[in-house]
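Chain residues, written in single-letter form:
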Amino acid sequence: QVQLVESGGGLVQAGGSLRLSCVVSGSIFDANTMGWYRQAPGKQRELVAAITRGGTTNYRDSVRGRFTISRDNAKNTVYLQMNSLKPEDTAVYYCNAAGRRLVDGGYEYDYWGQGTQVTVSS
């Protein structure tokens, strides 16, 4: 059974840092793209960062240079290091494991963690 469990959220002041962790089932960890998404109240869920099985990363423009996504294959864990946090980073952050995009618009698989709250005060 696939499980994604996030941790590391909390309350920090603007300019502070947090490190999120996502422990992933080994059955899919090496076979998918891992991503961190976030959703703030009243806003749509948005991709924050993603990392492929080969280690290629991408970031949304608003976090590029401040956030770093990484993976530790030995620990089946994906991390999101968040530095220079801003109030607009406040959201619930979700870990996602997605398989290949299918022609019908869905995914081969699409698993989500329970989310961890990140709150950045000004």
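The structure under discussion appears in the preceding block.
Residues numbered from 1 in each chain as written. Predicted model: local features only at pLDDT ≥ 70, side-chain atom pairs only at ≥ 80, totals over all residues. Heavy atoms only, no water.

Teacher, can you tell me more about unusual backbone geometry here?
Peptide bonds are trans in most cases, and residues, glycine excluded, mostly fall at negative phi. In this structure, Asn76 is a non-glycine residue whose phi angle is positive, near 50°. Mapping Asn76 onto the fold places it in the loop between β7 (67-72) and β8 (77-82). Its relative accessible area of 22% is what places Asn76 among the partly exposed residues. With phi around 50°, Ser84 is a residue other than glycine that occupies positive phi space. Given a relative accessible area of 42%, Ser84 falls into the partly exposed group. (Helix = DSSP H or I, 4+ residues; strand = E, 2+ residues; numbered from the N terminus. Buried < 20%, exposed > 50% of the residue type's maximum accessible area, 1.4 Å probe, protein only.)

Would you explain the state of the cysteines in this entry?
In protein structure, a disulfide is the covalent linkage between the sulfur atoms of two cysteines. The full count for this structure, using the stated rule, is one disulfide. Across a sulfur-sulfur distance of 2.1 Å, Cys22 and Cys95 are joined as a disulfide pair. On the S-S bond that ties Cys22 to Cys95, the torsion sits near -85°, and the link is left-handed. Of this pair, Cys22 sits in strand β3 (residues 18-24) while Cys95 sits in strand β9 (residues 91-98), and the two are 73 residues apart along the sequence. Pair check on accessibility: Cys22 and Cys95 agree, each one buried. (Disulfide = S-S within 2.5 Å.)

Teacher, can you tell me more about the packing of aromatic side chains here?
The relative placement of two aromatic rings is captured by the distance of their centres and the angle of their planes. For the structure on display, the rule yields three aromatic pairs. Ring centres of Tyr37 and Trp112 lie 5.0 Å apart, and the angle between their planes is 65°; on these two criteria the pair is classed as edge-to-face. One end of the pair, Tyr37, is in strand β4 (residues 33-39); the other, Trp112, is in strand β10 (residues 110-112), and 75 residues separate them in sequence. Each member of the aromatic cluster is reached from another via a ring pair, and the members are Tyr37, Tyr94 and Trp112. One cation-aromatic arrangement involves Arg19 over Tyr79; the distance from NZ or CZ to the ring centre is 3.9 Å. Its end group placed over the ring of Tyr37, Arg45 keeps NZ or CZ at 5.3 Å from the ring centre. (Phe/Tyr/Trp six-rings, centres within 6.5 Å; stacked < 30°, edge-to-face > 60°. Lys NZ or Arg CZ within 6 Å of the ring centre and 35° of its normal.)

How do you make sense of the pattern of salt bridges when you look at a structure like this?
A side chain of one charge can pair with a side chain of the opposite charge when the charged atoms of the two come close. Tallying each qualifying case throughout the model produces six salt bridges. In this structure, the salt-bridge partner of Asp61 is Arg64, at a minimum N-O distance of 2.5 Å. Taking the shortest distance from any N to any O, the salt bridge between Asp89 and Arg66 comes out at 2.8 Å. In this pair, Asp89 sits in the loop between β8 and β9 while Arg66 sits in the loop between β6 (57-59) and β7, placing the two residues 23 residues apart along the sequence. (Salt bridge = Lys/Arg side-chain N within 4 Å of Asp/Glu carboxyl O.)

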